[in-house]
Structures are given as structure tokens and as C-alpha cells.
Amino acid sequence: MTSRLNPYLSFDGNAREAMEFYRQVFGGDLTLSTFGEFGTDDPTLADKVMHGMLETPGGYTLMASDTAPGMQHVPGNNVSVSVSGDDGNELRGYWEKLTVGGTVSVPLAKQMWGDEFGMCVDRFGIGWLVNISQPGR
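Please read all numbers here as calculations on a predicted model, not as lab measurements.

Q: Any chance you could break down the overall build of the protein chain for me, citing the residues and the numbers?
A: Helices and strands together make up the secondary structure of the protein chain, namely two helices and eight strands. Seen in sequence order, the protein chain has helices and strands lined up from the N terminus as β-α-β-β-β-β-α-β-β-β. Overall, the protein chain is about 35 × 35 × 35 Å in size when its C-alpha atoms are taken along their principal axes. Residues counted as buried form 36% of the 137 residues belonging to the protein chain. Partitioning the contacts of the protein chain with sequence separation of at least 6, the portion at a separation of at least 24 is 52%. For the protein chain, the distance from the average site of its 9 positive side-chain charges to the average site of its 17 negative ones is 4 Å.

The structure is reproduced here in C-alpha cells:
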């Protein structure tokens, strides 16, 4: 898989509804994974979207999630840029450059879904999500 760059939207509990709406608008295939599927102990989060992805016939990709526990949902600041793929060297290079002078909120490390993932805000105030897919995923 080549690397892709796309918007990542954060919602305050209504990510499923929003992504189903965007599927009606743009068409395409929607996949949703919940916090419950990844073993949350919190029953209020079990059906909330941990990660959703809409891939449209026109070649658009839109990703989204409900705001994760411990993170604040701030309307107006709920859009980040996602960079993802399986070329670890390329993506780690982007990560290293994006974090210079910025703030790391989630260090780039292996996550419960098996990929390496990190979140940061660059020195210009833009939020970035970097996800390195592991072989066979």
C-alpha cells in the first residue's frame, strides 16, 4: 500500500451517524470499528467508533472516530491530517520532521490494533496522525 494523506474527523459520540451521512453523500464503502471490539471495559464506550473509514468511488478517503477517553472534543479543532501506509521508514521520517518544535500527544508506538501509531501537533498548530500498517494487515 502506498502512503495516503487524508482528513481525520473527531466527533463527540456521533461518529457513526456522521459517517453514515457522508456515505450517503459521497457513496462508497464504510468500515467502522468500535472501542468494544478492541476490549474496552467501559460499557458507555463499547458501541462508540474507535476508527471509521469511508472510501469513495471518486477516490476520496475520509476517516473519523468518537473522541477517545481522556481527550477533549473541541468543535472547530476536531479535524486532523492522517498520514498512513506500510512504508515504515517513510512514515517514521515524516513523524520525526512533524514533531520538531511541536507537541507529541501519543508517541509513535505499537498500538492494540497491531499498527504503529502516533499523534502530534506540529509547530504551526496542525494536528497529525501517523499510522504504520504492519505486514499482513
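Q: So, the nonpolar core: which residues are in play, and what are the values?
A: Leu9, Phe11, Ala15, Ala18, Met19, Leu30, Val49, Leu54, Leu62 and Ala64 form the largest nonpolar core, which has ten residues in total. Every element with two or more residues in this core is listed here: β1 (4-11), α1 (15-26), β3 (49-55) and β4 (61-66). With three residues, α1 is the single largest residue contributor to this core. The contact partners of Ala64, leaving out residues within four places of it in the chain, are Tyr8, Leu9, Phe11, Met19, Val49, His51 and Gly52. Within the second largest apolar cluster, eight residues are counted, among which are Val83, Leu91, Trp95 and Val130.

Q: Help me get a handle on the packing of aromatic side chains, residues and values and all.
A: Counting across every chain of the model gives three aromatic pairs. Seen from their ring centres, Phe26 and Tyr60 are 6.0 Å apart, and the 85 degrees between their planes marks the pair as edge-to-face. In this pair, Phe26 sits in helix α1 while Tyr60 sits in the loop between β3 and β4, placing the two residues 34 residues apart along the sequence. A relative accessible area of 55% places Tyr60 in the exposed class.

Q: Go over the sheet that holds β4, please, and point to the residues and values.
A: Where strands meet in a sheet, backbone hydrogen bonds hold them as pairs that are either parallel or antiparallel. The sheet built from eight strands is open, its strands ordered β2-β3-β4-β1-β5-β8-β7-β6 with mixed pairing. Each end of this open sheet is capped by a strand with a single partner; those strands are β2 (29-34) and β6 (103-110). Shown here is a sheet whose adjacent strand axes are inclined to one another by a mean of 20 degrees, direction ignored. Bridge analysis of β1 against strand β5 (residues 79-85) gives six bridges, and the strand direction is antiparallel. Bridge pairing in β5 places Asn6 opposite Ser82.

Q: Before we move on, can you summarise α1 with the specific residues and values?
A: The end-to-end C-alpha separation of α1 is 16 Å, in line with the 16 Å expected for twelve residues at 1.5 Å each. All of the buried residues along α1 are Ala15, Ala18 and Met19. For α1, the buried positions fall inside an angular range of 95 degrees around the axis, keeping them on one side. Turned more than 90 degrees away from the buried face of α1, the exposed residues are Glu17 and Gln24. The inward-facing, buried residues of α1 abut β1, β2, β3 and β4. Once α1 ends, the next one or two residues include Gly27, with phi positive near 75 degrees.

Rules of the game
Residues numbered from 1 in each chain as written. Predicted model: local features only at pLDDT ≥ 70, side-chain atom pairs only at ≥ 80, totals over all residues. Heavy atoms only, no water. Helix = DSSP H or I, 4+ residues; strand = E, 2+ residues; numbered from the N terminus. Buried < 20%, exposed > 50% of the residue type's maximum accessible area, 1.4 Å probe, protein only. Contact = heavy atoms within 4.5 Å. Lys, Arg positive; Asp, Glu negative; His and termini not counted. Charge placed at Lys NZ, Arg CZ, Asp CG, Glu CD. Core = buried A, V, L, I, M, F, W, Y, C linked by side-chain atoms within 4.5 Å. Phe/Tyr/Trp six-rings, centres within 6.5 Å; stacked < 30°, edge-to-face > 60°. Pairing = 2+ DSSP bridges. Axes fitted to C-alpha atoms, helices over the stretch in contact; angles between N-to-C directions. Expected span 1.5 Å × (residues − 1). Arc of directions from axis to C-beta.

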